[in-house]
Amino acid sequence: MIERTLVLIKPDGVQRGLVGRILSRFEDAGLKVVGMKLVLADENIAKKHYKDDLIPIVGGKTKKDWDAAGMKYSETVEELGVMIVNGTRKFLMSGPVVAMVLEGLHAVEIVRKIVGTTGPKDSPPGTIRGDFAHSSLGYASIKKKGAANLIHASGNVREAGPEIELWFKKDELHSYKTVHDLHTIYG
Ligand code: CDP
Ligand code: MG
């Protein structure tokens, strides 16, 4: 139940000077930073991070958004997915990101709760995406862009392990005690 999860503060978060405030939210909740660095992602890491598996999923969501907006288009779901996934990879590579590994009890789920839902428009107040951004996935896709939503967080425990391995070497991750180990982990 003590888990590790990958968090990236995306280029919009770094460029907007939100690194400190975003990090504080995780520290405030008692999550432990066990790895952290500034990285400029290349195409290789962007493609491994946002895998081709995302294409049909994102394509389906984009089709729904475009249909709801009454858009006329000739692209297939696959073509829409390729367009948005490429845009999302390009956005990830557009500037340095702060990559970090956070550790804690139920860390994957807790971090997703603090981050909010994918589209800032629909992400509730109190979440990072809801408080610091107001973009919508639908509008970004009409502009053929990946939506700027400040942050990436592993979606589930199964995703977290390979994502941590992609961004961090073993010797870049550290173990130490915090007061939360005393009050939350009882260790
Ligand atoms: O980041 P999260 O796990 O919440 O969402 P995802 O479904 O795994 O999608 C990965 C990323 O693709 C999102 O964070 C967005 O930056 C981008 N995306 C987008 O721009 N437009 C969509 N319709 C879906 C995803
Ligand atoms: Mg995801």
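Up top is the structure.
The present account deals with the structure reproduced in this document. (Residues numbered from 1 in each chain as written. Chains lettered and ligands numbered in written order. Predicted model: local features only at pLDDT ≥ 70, side-chain atom pairs only at ≥ 80, totals over all residues. Heavy atoms only, no water.)

**Comments concerning the nonpolar core**
Then, number 1: The biggest cluster of nonpolar side chains holds 21 residues, and the ones touching the most others in it are Val-7, Phe-26, Leu-102, Val-111, Ile-128 and Ile-151.
Then, number 2: Of all the secondary structure elements, the ones that give two or more residues to this core are β1 (2–9), α2 (19–28), β3 (97–105), α6 (107–115), α7 (128–132) and β4 (151–153).
Then, number 3: Sort the elements by how many residues they give to this core and α6 lands first, with four residues.
Then, number 4: Ignoring anything within four residues of it in the chain, the contact list for Leu-102 reads Glu-3, Arg-4, Thr-5, Val-7, Phe-26, Leu-31, Lys-32, Val-33, Ala-107 and Val-111. (Core = buried A, V, L, I, M, F, W, Y, C linked by side-chain atoms within 4.5 Å. Buried < 20%, exposed > 50% of the residue type's maximum accessible area, 1.4 Å probe, protein only. Helix = DSSP H or I, 4+ residues; strand = E, 2+ residues; numbered from the N terminus. Contact = heavy atoms within 4.5 Å.)

**Side note on the side chain of Arg-129**
Then, number 1: Secondary-structure assignment places Arg-129 in helix α7.
Then, number 2: Put simply, Arg-129 is tucked away with no salt bridge, and the nearest opposite charge, on Asp-12, sits 8.2 Å away.
Then, number 3: A polar contact is formed between the side chain of Arg-129 and the backbone oxygen of Asn-149, at a distance of 3.3 Å.
Then, number 4: Apart from the residues within four sequence positions on either side, Arg-129 is in contact with Val-115, Gly-116, Thr-117, Thr-118, Pro-120, Ser-123, Asn-149, Ile-151 and His-152. (Lys, Arg positive; Asp, Glu negative; His and termini not counted. Salt bridge = Lys/Arg side-chain N within 4 Å of Asp/Glu carboxyl O. Polar contact = N/O pair within 3.5 Å; in protein donor to acceptor, adjacent residues only side chain to side chain.)

**Let's talk about unusual backbone geometry**
Most of the time, phi is negative for any residue but glycine, and the peptide bond is trans.
Then, number 1: With a phi close to 60 degrees, Lys-144 is a non-glycine residue in the positive phi region.
Then, number 2: With relative accessibility at 47%, the residue Lys-144 sits in the partly exposed group.
Then, number 3: One non-glycine residue, Tyr-186, lies in positive phi territory at about 60 degrees.
Then, number 4: Note on placement: Tyr-186 falls in the segment after α10 (179–185).
Then, number 5: Its relative accessible area of 70% is what places Tyr-186 among the exposed residues.

**Examining the site of ligand 1**
Then, number 1: Close contacts around ligand 1 come from 14 residues, with Lys-10, Arg-112, Thr-118, Ala-147 and Asn-149 the closest.
Then, number 2: At a separation of 2.5 Å, an oxygen atom of ligand 1 approaches a polar side-chain atom of Thr-118.
Then, number 3: Measuring from an oxygen atom of ligand 1, one finds a backbone N or O atom of Ala-147 at 2.7 Å.
Then, number 4: Against a free-state accessible area of 500 Å², the protein chains account for coverage of 91% of ligand 1.
Then, number 5: If you list the elements that add at least two residues to the shell around ligand 1, you get α4 (54–68) and α5 (77–92).
Then, number 6: In terms of residue count, α4 provides more of the shell around ligand 1 than any other element does, three residues in total.
Then, number 7: Here the residues of the shell around ligand 1 are counted per class, giving five nonpolar, five polar and four charged. (Near = heavy atom within 4 Å. Areas by Shrake-Rupley, 256 points an atom, 1.4 Å probe, with all protein chains shown as cover. Nonpolar A, V, L, I, M, F, W, Y, C, P; charged D, E, K, R; others polar.)

**So, the sheet that holds β1**
Then, number 1: If you walk across this open sheet you meet the four strands as β2-β3-β1-β4, and the pairing is antiparallel. The sheet is open, and its two borders are formed by β2 (32–39) and β4, each paired with just one other strand. Strand-to-strand, the axes of this sheet are offset by a mean angle of 20 degrees, without reference to chain direction.
Then, number 2: With eight bridges connecting them, β1 and β3 associate as antiparallel partners. (Pairing = 2+ DSSP bridges. Axes fitted to C-alpha atoms, helices over the stretch in contact; angles between N-to-C directions.)

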